[in-house]
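# Architecture and fold: a report
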Amino acid sequence: MSGEGVWWDDASKENTESLRERFKILESSVYASPRITMKNDSVGMVAEKAPPLFTAIIIIAIGIITPFFINTQFGPLESLEFILLGVIMLVFSGAGAFLLRKHYRGDKWLFIHETHLELRYEKSEKGIPDEYKYILHSDVVKIISHERVTESTDQDGSTSTYVNQVTSILVYNTKKPESRTNQELCLCVTDIPSSSKEESDAIAAALNFLILGTPPQSSVE
């Protein structure tokens, strides 16, 4: 994802009307990524990796074992304490079940076809809203690289903040016609996580070119 001052002047000189032609230009640029590949007539990349099975099992085990351990070591417990342990058990078990379901669905893939985008899980037809299974290129408003900030609250009430670098695909929201020109009103169909800002910027540049035919204005440092 690195290179010196490479501008895509060639993209304006060559015929870039077809997806295959745009992908060939991408392959020879500093924006090429092993995460983005072309098979048959579509370009594909993993938008989200499935969580490992081990993680899901560990979280479920914590939710089941912890309440029993506390009850054994410090019991008998008051009714309020017992209810609190039950809530903890449900939270951890629910989170583990959620990760387990995502694991068995497999990786979430983004497929770029000649006229539309498609999101689907590797091993399951479920989990993707129907409107995200066929998205016209003309309905893609913007593809941006940015930081996604999320917060989570621990059982003791303390809040943790997590910052992840992602590439987001924003599409037209039929319920808000102004979303054609206002990205704040768009629907985010998926976040593609990256390990660094440079990688996220490069993915955004590549997807903008492949989907919207927009050459990047500068190189990735």
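Refer to the structure presented above.
For the structure given in this document, a descriptive report is provided here. (Residues numbered from 1 in each chain as written. Predicted model: local features only at pLDDT ≥ 70, side-chain atom pairs only at ≥ 80, totals over all residues. Heavy atoms only, no water.)

## Brief notes about helix α2 (residues 19-27)
The criterion, for reference: Here the term buried applies to any residue with accessible area under 20% of the maximum for its type, exposed to any over 50%, and partly exposed to those in between, with areas from a 1.4 Å probe on protein chains only. In this text, helices come from DSSP runs of H or I with a minimum length of four residues, and strands from runs of E with a minimum of two, each type numbered from the N-terminal end. Arc definition: it is the arc formed by the directions from the helix axis to the C-beta atoms.
Of all the residues in α2, the buried ones are Leu19, Arg22, Phe23, Ile25 and Leu26. For α2, the angular spread of the buried residues around the axis is 160°, confining them to a single face. For α2, the exposed residues set more than 90 degrees away from the buried face come down to Lys24 and Glu27.

## Looking at the nonpolar core
Soluble, globular proteins show a tendency: their nonpolar side chains are buried together. As a reminder of what qualifies: Take the buried Ala, Val, Leu, Ile, Met, Phe, Trp, Tyr and Cys residues and link them wherever side-chain atoms come within 4.5 Å; each set so joined is a nonpolar core. What makes two residues a contact is simply this: any of their non-hydrogen atoms within 4.5 Å.
Counting 31 residues, the largest nonpolar core has Leu110, Ile112, Ile169 and Leu207 as the members making the most contacts within it. Top element by residues in this core is helix α5 (residues 197-212). It accounts for 7 residues. Those residues within four positions of Ile112 in sequence are excluded, and the remaining contacts are Leu19, Asp41, Ser42, Val43, Leu117, His137, Leu207, Leu210 and Ile211.

## Description of the packing of aromatic side chains
Formally: Stacked, tilted and edge-to-face are the three classes applied to pairs of Phe, Tyr and Trp rings, where Trp contributes its six-membered ring and a pair requires centres within 6.5 Å; stacked means planes under 30 degrees apart, edge-to-face means over 60, and tilted covers the rest. The criterion for a charge sitting over a ring is simple: Lys NZ or Arg CZ within 6 Å of the ring centre, and within 35 degrees of the ring normal.
What the rule picks out here adds up to 1 aromatic pair. A centroid spacing of 5.6 Å and a plane angle of 15° characterise the contact between Trp109 and Phe111, whose relative ring orientation is stacked. Using a relative accessible area of 15% as the deciding quantity, one classes Phe111 as buried. Positioned over the ring face of Tyr172 is Arg180, at 3.9 Å from the centre of the ring.

## Regarding the environment of Ile128
Positionally, Ile128 belongs in the loop between β4 (116-121) and β5 (135-136). For Ile128, a relative accessible area of 10% gives the class buried. The spacing of Ile128 and Lys108 is 20 residues in sequence and 9.1 Å in space, taken between C-alpha atoms. Each residue touching Ile128, except ones within four places of it in the same chain, is listed here: Lys108, Leu119, Arg120, Tyr121 and Lys133.

## Here we look at the packing of α2 against α5
Quick reminder of the rule: Interaxial angles span 0 to 180 degrees and are taken between N-to-C directions of axes, which are lines fitted to C-alpha atoms, for helices over the stretch in contact. Any angle between 65 and 115 degrees counts as roughly perpendicular, while under 35 counts as roughly parallel, over 145 as roughly antiparallel, and the rest as oblique. Crossings are assigned a handedness: left-handed for a near helix turned anticlockwise from the far helix by less than a right angle, right-handed for a clockwise turn.
At a minimum axis separation of 9 Å, α2 and α5 run at an interaxial angle of 155°. Put simply, α2 runs roughly antiparallel to α5. For the element pair α2 and α5, the recorded crossing hand is right-handed. Contact residues: Leu19, Arg22, Phe23, Ile25 and Leu26 in α2; Ala206, Phe209 and Leu210 in α5.

## Considering the pattern of salt bridges
Two side chains carrying opposite charge are able to pair once their charged atoms lie near each other. Formally: Every case where a carboxyl oxygen of Asp or Glu lies within 4 Å of a side-chain nitrogen of Lys or Arg is listed as a salt bridge.
A full pass over the atoms with the stated rule returns 10 salt bridges. In this structure, Lys108 engages Glu48 in a salt bridge whose closest nitrogen and oxygen atoms are separated by 3.6 Å. Highlighted residues: Lys108 in strand β3 (residues 108-112) and Glu48 in strand β2 (residues 42-48), separated in sequence by 60 residues. With relative accessibility at 10%, the residue Lys108 sits in the buried group. With its nearest N and O atoms 3.1 Å apart, the salt bridge here joins Asp139 to Arg180.

## Structural notes on the sheet that holds β3
Within a beta sheet, neighbouring strands are joined by backbone hydrogen bonds and run either parallel or antiparallel to one another. Basically, it comes down to this: Two strands qualify as a pair provided DSSP detects at least 2 bridges between them.
Strand order across the open sheet formed by 5 strands is β1-β2-β3-β4-β5, with antiparallel pairing between neighbours. A strand with exactly one partner marks an edge of an open sheet, and here the two such strands are β1 (37-39) and β5. Across 5 bridges, the pairing between β2 and β3 is antiparallel. Bridge pairing in β3 links Val43 to Ile112. Together, β1, β2 and β3 form the strand contacts of α2, whose direction differs from that of β1 by roughly 145°. Set on the sheet, α5 makes contact with β2, β3 and β4; between it and β3 the angle comes to about 40°.

Bear in mind that shape data such as this cannot, by itself, settle questions of function.
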